[in-house]
Amino acid sequence: MEITQFSIEEIKDPTNIIEGKRFEFLLDIEVDEEDELYTEAGLEIRVLVGQKAENEIFILNYFLIDKGDHSYLDFELEEDEKAMILNFCKEELTKEIIE
């Protein structure tokens, strides 16, 4: 699995009920044809990430989306794939804070 493009957006909480910050990542993913996640049109992962005040960053939820028909796929990512995505999100959020 390889992340080819991404976008990030902070999700604002107008009620200030949620502690910390929330972000939405949209990741374009490239997978091998032999992978069970492979779709001809491509794959997108929508990742909701939380960041606590002490800068602990964690995945709240994620959704796998077939880019061809925008349908949600009923698959779970493997632990190493989740770890790779979390590390990518942490790196990008760190870049955002520095800039």
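Rules of the game
Residues numbered from 1 in each chain as written. Predicted model: local features only at pLDDT ≥ 70, side-chain atom pairs only at ≥ 80, totals over all residues. Heavy atoms only, no water. Pairing = 2+ DSSP bridges. Helix = DSSP H or I, 4+ residues; strand = E, 2+ residues; numbered from the N terminus. Phe/Tyr/Trp six-rings, centres within 6.5 Å; stacked < 30°, edge-to-face > 60°. Buried < 20%, exposed > 50% of the residue type's maximum accessible area, 1.4 Å probe, protein only. Patch = residues over 30% accessible without salt bridge, like charges linked within 9 Å, V, L, I, M, F, W, Y side chains within 5 Å. Areas by Shrake-Rupley, 256 points an atom, 1.4 Å probe, with all protein chains shown as cover. Salt bridge = Lys/Arg side-chain N within 4 Å of Asp/Glu carboxyl O. Lys, Arg positive; Asp, Glu negative; His and termini not counted. Charge placed at Lys NZ, Arg CZ, Asp CG, Glu CD.

Caption draft 1: Here's a closer look at the sheet that holds strand β4 (residues 57-66). If you walk across this open sheet you meet the five strands as β1-β2-β3-β4-β5, and the pairing is antiparallel. A single partner strand is all that each edge strand has here, and the edge strands are β1 (2-11) and β5 (72-73). Where strand β2 (residues 21-30) and strand β3 (residues 43-51) come together, nine bridges link them in antiparallel fashion. Directly across from Lys 21, in β3, lies its bridge partner Gln 51.

Caption draft 2: Region of interest: the packing of aromatic side chains. In total, this model carries two aromatic pairs according to the counting rule given. Plain terms: the ring middles of Phe 63 and Tyr 72 are 5.8 Å apart, the flat faces sit at 85 degrees to each other, and that makes the pair edge-to-face. By relative accessible area, Tyr 72 is classed as exposed at 52%.

Caption draft 3: Representation of the pairing of β4 in the model. Sheet topology note: the β3/β4 ladder contains nine bridges and is antiparallel. What sits directly across from Val 49, in β4, is Ile 59. Pairing analysis gives two bridges linking β4 to β5, with the strands arranged antiparallel. The partner of Leu 64 across the bridge, within β5, is Leu 73.

Caption draft 4: Structural view of the environment of Thr 94. Of note, Thr 94 is situated in helix α1 (residues 79-98). Classification of Thr 94 as partly exposed rests on a relative accessible area of 42%. Note: C-alpha distance between Thr 94 and Asn 55 (39 residues apart in sequence) is 9.5 Å.

Caption draft 5: Molecular detail of a negative patch on the surface. A contiguous patch of negative charge on the surface is contributed by Glu 2, Glu 30, Asp 32, Glu 33, Glu 34 and Glu 40. Within the secondary structure, Glu 34 sits in the loop between β2 and β3. A residue is classified by how much of its surface remains accessible, and Glu 34, at 73% relative accessible area, is exposed.

Caption draft 6: View of the pairing of β2. Across the ten residues that make up β2, a large majority, seven, are buried. Sheet topology places β1 next to β2; nine bridges connect them, and they run antiparallel. Opposite Ser 7, over in β2, you have Leu 26 as the bridge partner.

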